[in-house]
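Below, each chain spelled out in residue letters.
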Amino acid sequence: MEGFLYQATIYLTAAVIAVPIAARLGLGSVLGYLAAGILIGPVLHLVGHETHNLQHFAEFGVVMMLFLIGLELEPKALWDMRHKLIGLGGLQVVLTMLAVMGAGMAFGLDWNSALAVGMVLSLSSTAIVLQTLSEKGLTQTQGGRSAFAVLLTQDIAVIPMIAFMPLLALSAAVLLPDGSITLSAPDATQEAASLVDGLPGWGVTLVTLGAVVAIILAGVYLIGPLFRFIHVAHLPEMYTALALAIVIGIASLMTLVGLSPALGTFLAGVVLANSEFRHELESDIQPFKGLLLGLFFITVGAGIDFDSFLSDPFTIVGIAVGLMALKGLILFILGHIFKLRLRNLVLF
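Heads up: these notes are all about the structure in this document. (Residues numbered from 1 in each chain as written. Predicted model: local features only at pLDDT ≥ 70, side-chain atom pairs only at ≥ 80, totals over all residues. Heavy atoms only, no water.)

### What to know about the packing of aromatic side chains
Reasoning step 1: In this structure the tally under the stated criterion is 5 aromatic pairs.
Reasoning step 2: An angle of 55 degrees between the planes, with centres 5.9 Å apart, marks the rings of F148 and F266 as tilted. Pair noted here: F148 is in helix α9 (residues 142-168) and F266 is in helix α12 (residues 261-271), with a separation of 118 residues, a long-range link.
Reasoning step 3: Classification of F266 by relative accessible area gives buried; the value is 5%.
Reasoning step 4: Through pairs of rings, three or more aromatic residues link up here, namely Y33, F296 and F297. (Phe/Tyr/Trp six-rings, centres within 6.5 Å; stacked < 30°, edge-to-face > 60°. Helix = DSSP H or I, 4+ residues; strand = E, 2+ residues; numbered from the N terminus. Buried < 20%, exposed > 50% of the residue type's maximum accessible area, 1.4 Å probe, protein only.)

### Brief notes about α12
Reasoning step 1: Among the 11 residues in α12, 8 count as buried, and that is most of the element.
Reasoning step 2: Inspection of α12 places A262, L263, G264, T265, F266, A268, G269 and V270 among the buried residues, and these make up the whole buried set.
Reasoning step 3: Tucked inside the fold, the buried residues of α12 contact α4 (60-72), α5 (75-80), α9, α10 (201-231) and α11 (236-256). (Contact = heavy atoms within 4.5 Å.)

### A word on the side chain of Q131
Reasoning step 1: Along the chain, Q131 falls in helix α8 (residues 126-135).
Reasoning step 2: Judged by its relative accessible area of 12%, Q131 falls in the buried class.

### Quick notes on unusual backbone geometry
Reasoning step 1: At H45, a position not held by glycine, the phi torsion is positive, near 55 degrees.
Reasoning step 2: Backbone geometry at H234 places phi at a positive 55 degrees, although glycine is not the residue there.
Reasoning step 3: Looking at the element boundaries, H234 is found in the loop between α10 and α11.
Reasoning step 4: Classification of H234 as exposed rests on a relative accessible area of 61%.

Worth remembering: the numbers are spatial, not functional.
Now the structure itself:
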């Protein structure tokens, strides 16, 4: 208990000092949280190996953020964004993936490694971008909505990417003396429980669709009666408990069927966007989202390996700047094609 209280004090103290300073300097809370993590981790060594375990818990703040964004989007508004989701977002993922793959092969990577790197680097941090847009009041601008469409498409694209990654390992097959083939693969004992393990392709599809339909039906027919049921108790904490149960339950279900928890909660948020209890859900989830996102950014900062960076800083900075320039060029061209202009194009 003493160790937990000590660590909690360190994280919270770092946050309440660094974030207000960053906000006053106009840098935003994200850089403040990252600076706090760097200070208590690589600089002062006040936190240690528990940072990585804590980061997995703190990632739940991203799930809550997508749920809250979904609450702000009515299904009609999401349908109106379909052209940006499919066109703008899809083109960004595909073109960036191919461009990074080409650059990787030019630097000597084989095609499957270069493709794997391209898939990973075609994605962006939903947490950092949306948190920054929200703080600056830019979420509802044309550039902000276009950025959100691309981020949402990236979150969806993760699903086929994860499914395709094992196929890239086929080239890493090793021929054993008895003539059989083995592949480099993660230890099966470390895999999470899943409802789709061992099912044929059609079975996985049916289970996945069933989970999505269950979320939609629960949002339409079950949430309202549940809120009315707990209203009888007249206890505010029960609303908070139900809101957390909804988000955690949906995230767990999505994990069991192999989908992104953030996508599942976003879908639930869209379903509940027209609900009479929308504002209660927002007010109950918002404080937890802010704290967990902040904790997530702190753990990112605390986990930065400065020894690796300092061992070859010019190469790392050069690759990072090159990637930013490549992605920026692709986004600039796509923004022009989709008629983004001036400030919205620069923001995008």
